[in-house]
Amino acid sequence: MVYNAHCRQIMDITKTITMGRGRGVCNNVISKDCVCTRPYSHILCNVCGFIMEGRIRKTCPIHPLTLFLMDISQCPQCKAHSFMMQEFSNGTK
């Protein structure tokens, strides 16, 4: 038994459901608002001018728990945050 101060109730630990470790996986892409399957593009850092190929990390409105580990969250050269970078289409389809 554990007292949960937020809900002001006593909870039985043996009856709680444990969630798996890590993030979810995007299996079904139905909506056009989903950003999970966007193509790779060129990324330009507006701070240092570094250019790389990849995707800037964005949260999908349809799958908010899905996280793609290869998406860029910071510039690898100057460590600027993702809002200081821009994506440019590389022309491939």
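Residues numbered from 1 in each chain as written. Predicted model: local features only at pLDDT ≥ 70, side-chain atom pairs only at ≥ 80, totals over all residues. Heavy atoms only, no water.

### A short note on the environment of leucine 44
Among the structural elements, leucine 44 can be located in strand 3 (residues 41–45). Overall, the relative accessible area of 23% leaves leucine 44 in the partly exposed class. In this structure, the C-alpha to C-alpha distance between leucine 44 and phenylalanine 88, residues 44 residues apart in sequence, is 7.7 Å. Those residues within four positions of leucine 44 in sequence are excluded, and the remaining contacts are Gly49, Phe50, Ile51, Met84, Met85, Gln86 and Phe88. (Helix = DSSP H or I, 4+ residues; strand = E, 2+ residues; numbered from the N terminus. Buried < 20%, exposed > 50% of the residue type's maximum accessible area, 1.4 Å probe, protein only. Contact = heavy atoms within 4.5 Å.)

### With respect to empty space enclosed by the protein
Evaluated as defined, the whole model comprises one cavity of 30 Å³ or more. Within this model, the largest cavity holds a volume of roughly 60 Å³. What lines the largest cavity is simply Val35, Cys36, Arg38, Arg55, Lys58, Cys60, Thr66, Leu67, Phe68 and Asp71. A class-by-class count of the residues in the lining of the largest cavity yields five nonpolar, one polar and four charged. (1 Å grid on protein atoms, 1.4 Å probe; cavity = no way out; pocket = protein on both sides within 12 Å on 5 of 7 lines; lining within 4 Å. Points joined across faces, edges and corners; volume = space filled by probe spheres on them. Nonpolar A, V, L, I, M, F, W, Y, C, P; charged D, E, K, R; others polar.)

### Structural notes on the packing of aromatic side chains
Using the criterion set out here, one finds zero aromatic pairs in the structure. One residue, arginine 55, lies across the ring of tyrosine 40, its end atom 6.0 Å from the ring centre. When the ring centre of phenylalanine 68 is taken as origin, the NZ or CZ atom of arginine 55, which lies over that ring, is 5.0 Å away. (Phe/Tyr/Trp six-rings, centres within 6.5 Å; stacked < 30°, edge-to-face > 60°. Lys NZ or Arg CZ within 6 Å of the ring centre and 35° of its normal.)

### Some thoughts on the sheet that holds strand 5 (residues 85–88)
Read from one edge of the open sheet, three strands run 4-3-5, paired in antiparallel fashion. Each edge of the open sheet is held by one strand with a lone partner, namely strand 4 (51–54) and strand 5. Taking each pair of neighbouring strands and ignoring which way they run, the sheet shows an average axis angle of 30°. As paired strands, strand 3 and strand 5 are joined by four bridges and run antiparallel to one another. Looking at strand 5, one finds that leucine 44 is bridged to glutamine 86. (Pairing = 2+ DSSP bridges. Axes fitted to C-alpha atoms, helices over the stretch in contact; angles between N-to-C directions.)

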